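Overview (structure and organization)
Here are the chains, one letter per residue:
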Amino acid sequence: MKTAFRRAAVLLAVLVPAVTLGAVPAHAATATLSLPYSGCQDSTGRNYDYVMRVHATSTRSYPDGGWIVVRVWGDDPSSDDLLLGPLTWSFEFWSGGAFLDMCVNRGTLNEDIGGDEIYAGVRFFDARTGQQAEVVESNRIYGSF
Ligand SMILES: [Ca+2]
Ligand SMILES: [Ca+2]
């Protein structure tokens, strides 16, 4: 199951330029988690319930490229549950932002009886150093999956 999700996510990855906002402080990464669409089909034709999207931005420069690692978590009082990932997207150049799309099922997001609290942890790695350069936590999605 995890392997299937991972493959879907990697194949659906798209890197597109995002508008750079003047108000964003230098070197501050952001991550916005959303469920923009119902229904998602991976490259093998398998169907899922949702497209889950991370809009990641950073004003840091990555002259040699890098990669982004995403983990989707269910927020809990004691310890958070890893629901999906780690998923990795590589980029050769960085233009300020990227939309990272994944196919997910309701069952993956149903981390609690009743309401669920979903967020993404996003880590940026710089290919020049091979080291983690930035880390950011997304907003929460509250729902009953
Ligand atoms: Ca929870
Ligand atoms: Ca639930």
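Here the structure is a predicted model, which means the values were calculated and not measured.

What follows concerns the overall build of the protein chain. For the protein chain, the helix and strand inventory stands at two helices and eight strands. The buried share of the protein chain, reckoned over its 145 residues, is 29%. Nonlocal contacts in the protein chain, meaning residues at least 24 apart in sequence, comprise 68% of its contacts between residues at least 6 apart.

With 28 residues, the main nonpolar core has Val-54, Ala-56, Ile-68, Val-70 and Val-104 as its most contacted residues. Aside from chain neighbours lying at most four places away, what touches Val-54 is Ala-31, Leu-33, Val-70, Leu-100, Ala-120, Val-122 and Ser-138.

This part takes up the environment of Asp-75. For Asp-75, the position within the fold is in the loop between strand 3 (66–74) and strand 4 (81–91). Separated by 42 residues in sequence, Asp-75 and Glu-117 have C-alpha atoms that sit 5.3 Å apart. Setting aside chain neighbours within four positions, we find Asp-75 in contact with Asp-80, Glu-117, Tyr-119 and Arg-140.

Our focus in this paragraph is the sheet that holds strand 1 (residues 30–41). In spatial order, the strands read 1-2-5; together these three strands make up an open sheet with antiparallel pairing. In the strand order of this sheet, the two ends are held by strand 1 and strand 5 (97–104), each with one partner. In this sheet, adjacent strand axes meet at a mean angle of 20 degrees when their direction is disregarded. Pairing between strand 1 and strand 2 (residues 47–57): nine bridges, direction antiparallel. By the bridge assignment for strand 2, Thr-30 is matched with Thr-57.

A few words on the confidence of the model for the protein chain. Here the protein chain averages 87 in pLDDT, while 81% of its residues score no lower than 70. The secondary-structure element of the protein chain with the lowest mean pLDDT is helix 1 (residues 2–12), recorded at 49, while strand 6 (residues 116–126) shows the highest, at 98. The model gives residues 1–5 a pLDDT under 50, and that stretch makes two contacts with residues more than four places away or in other chains.

On to the environment of Arg-140. Tracing the backbone through its elements, the reader meets Arg-140 in the loop between strand 7 (131–137) and strand 8 (141–143). Of the residues examined, Arg-140 has 14 C-beta atoms within 10 Å and is grouped as partly exposed. Spatially, the C-alpha atom of Arg-140 lies 8.0 Å from that of Ala-120, the residues being 20 residues apart in sequence. The residues contacting Arg-140, other than those within four sequence positions of it, are Asp-75, Glu-117, Ile-118 and Tyr-119.

Attention now goes to the pairing of strand 7. Both strand 6 and strand 7 contribute to a ladder of six bridges, which runs antiparallel. Residue pairing for strand 7: Asp-126 is matched across the bridge by Gln-131. Hairpin remark: strand 6 followed by strand 7, antiparallel, with four residues in the connecting loop; positive phi at Gly-130, about 75 degrees.

Another aspect to go through is the environment of Leu-83. Along the chain, Leu-83 falls in strand 4. Counting along the chain gives 25 residues from Leu-83 to Thr-108, while the straight-line C-alpha distance between them is 6.2 Å. Beyond its immediate sequence surroundings of up to four residues, Leu-83 is in contact with Val-72, Trp-73, Gly-74, Thr-108, Leu-109 and Glu-111.

Joining the antiparallel neighbours strand 1 and strand 2 is a turn of five residues, in which Gly-45 adopts a positive phi near 90 degrees. Where strand 2 meets strand 5, eight bridges bridge the pair, whose relative direction is antiparallel. Pairing of Arg-53 across the sheet is with Asp-101, part of strand 5.

The rules behind these values
Residues numbered from 1 in each chain as written. Chains lettered and ligands numbered in written order. Predicted model: local features only at pLDDT ≥ 70, side-chain atom pairs only at ≥ 80, totals over all residues. Helix = DSSP H or I, 4+ residues; strand = E, 2+ residues; numbered from the N terminus. Buried ≥ 20, exposed ≤ 12 C-beta atoms within 10 Å, placed from the backbone. Contact = placed C-beta atoms within 7 Å. Core = buried A, V, L, I, M, F, W, Y, C linked by C-beta atoms within 7 Å. Pairing = 2+ DSSP bridges. Axes fitted to C-alpha atoms, helices over the stretch in contact; angles between N-to-C directions. pLDDT = per-residue confidence, 0-100.

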